[in-house]
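# Observations on the three-dimensional arrangement
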Amino acid sequence: MAASSPIPPPPSIAARLAGARARIATAEAASGRPAGSVTMTAVTKTQPHEAVAAAIAAGADVFGENRVQEAGARWAEHPRPRELRLIGPLQSNKAAAACELFDVIETLDRDGLLTALASEAQKRGRSPRLLVQVNTGEEPQKAGVAPDQADGLIARALAADLPVEGLMCIPPADQAPEPHFALLAGIAARNGLSVLSMGMSEDFEAAIRLGATHVRLGSALFGPRPAPGR
Ligand SMILES: *Cc1c(COP(=O)(O)O)cnc(C)c1O
């Protein structure tokens, strides 16, 4: 048929996934962490059906989504993955829908949402596992509890019998992420929490060095997103 294109095709999602898994394994080994101790969350926000299907076919089984409604629509078209995680901000009036859809909610960051999640847990007799999001850079436009307020929120959530298992952060885009990862790890350690969701496509190896148990990868697996969607 036509002569071969001068532009090589972009790597497939399967190839990107294999590459990311290999880099995670190398980072685990380099930090003396057991193989398989870091979970890769594939972030499928804004991705078309075929991209999600390709990731599932390539063996991804833990997925992250930013918006409740968008996630509900997307995942109605795919088999239920092993784990679906909410990684975007949650409005209290969507707490019921989020509890219905997600296995883990990573973005508990304020008392109003705590109350809504506790009331859902009461009604349903169970709750998604929870992470508290910490605004490590204290950026006014960003979700998350302030670092010096985190201990209190964690204590109140546990006192309400909510299953808080760890912390999540998104460091400021214009700063070195390491101090933010270290700050998050310190808050988790002093509160006896074992799960640390930190590190994205640009910085996940640094996050693993500093103790991440979950890294959230979007563009590393799916290529650049068309629209900015942090
Ligand atoms: C979009 C997003 C990610 C993935 O970002 P990449 O840089 O594409 O890996 C991770 N975490 C959160 C909270 C996000 O919104």
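The text that follows walks through the structure, step by step, so that each part is easy to find. (Residues numbered from 1 in each chain as written. Predicted model: local features only at pLDDT ≥ 70, side-chain atom pairs only at ≥ 80, totals over all residues. Heavy atoms only, no water.)

With that settled, the discussion passes to the site of the ligand. Inspection of the region around the ligand gives 15 residues, with Lys 45, Ser 201, Arg 216, Gly 218 and Ser 219 positioned closest. A distance of 2.7 Å is found between an oxygen atom of the ligand and a side-chain nitrogen or oxygen belonging to Lys 45. Asn 66 places a polar side-chain atom, nitrogen or oxygen, 2.9 Å from an oxygen atom of the ligand. Within the complex, the protein chains bury 96% of what would otherwise be the 390 Å² of accessible surface of the ligand. Of the residues assigned to the shell around the ligand, the class counts are 6 nonpolar, 5 polar and 4 charged. (Near = heavy atom within 4 Å. Polar contact = N/O pair within 3.5 Å; in protein donor to acceptor, adjacent residues only side chain to side chain. Areas by Shrake-Rupley, 256 points an atom, 1.4 Å probe, with all protein chains shown as cover. Nonpolar A, V, L, I, M, F, W, Y, C, P; charged D, E, K, R; others polar.)

One pass over the full model with this rule turns up 16 salt bridges. A salt bridge links Glu 65 to Arg 74, with the nearest nitrogen and oxygen atoms 2.7 Å apart. Neither Glu 65 nor Arg 74 differs from the other in exposure class; each is buried. In this structure, Asp 103 engages Arg 80 in a salt bridge whose closest nitrogen and oxygen atoms are separated by 3.1 Å. With Asp 103 in the loop between α4 (95-101) and β4 (104-108) and Arg 80 in the loop between α3 (68-75) and β3 (83-86), this pair connects stretches of sequence that are 23 residues apart. Through salt bridges with shared partners, a single ionic network connects Glu 83, Arg 85, Glu 106, Arg 129 and Glu 165. (Salt bridge = Lys/Arg side-chain N within 4 Å of Asp/Glu carboxyl O. Buried < 20%, exposed > 50% of the residue type's maximum accessible area, 1.4 Å probe, protein only. Helix = DSSP H or I, 4+ residues; strand = E, 2+ residues; numbered from the N terminus.)

Before going further, it helps to examine the packing of aromatic side chains. Think of a pair of aromatic rings as described by two things: how far the centres are apart, and how the planes are tilted against each other in angle. Scanning the model with the defined rule gives 1 aromatic pair in all. Judged by centre distance (4.7 Å) and plane angle (55°), the rings of Phe 63 and Trp 75 are tilted. On the criterion of sequence distance, the pair formed by Phe 63 in strand β2 (residues 62-65) and Trp 75 in helix α3 is long-range, its members being 12 residues apart. Residue Phe 63 is classed as buried on the basis of its relative accessible area, which comes to 0%. (Phe/Tyr/Trp six-rings, centres within 6.5 Å; stacked < 30°, edge-to-face > 60°.)

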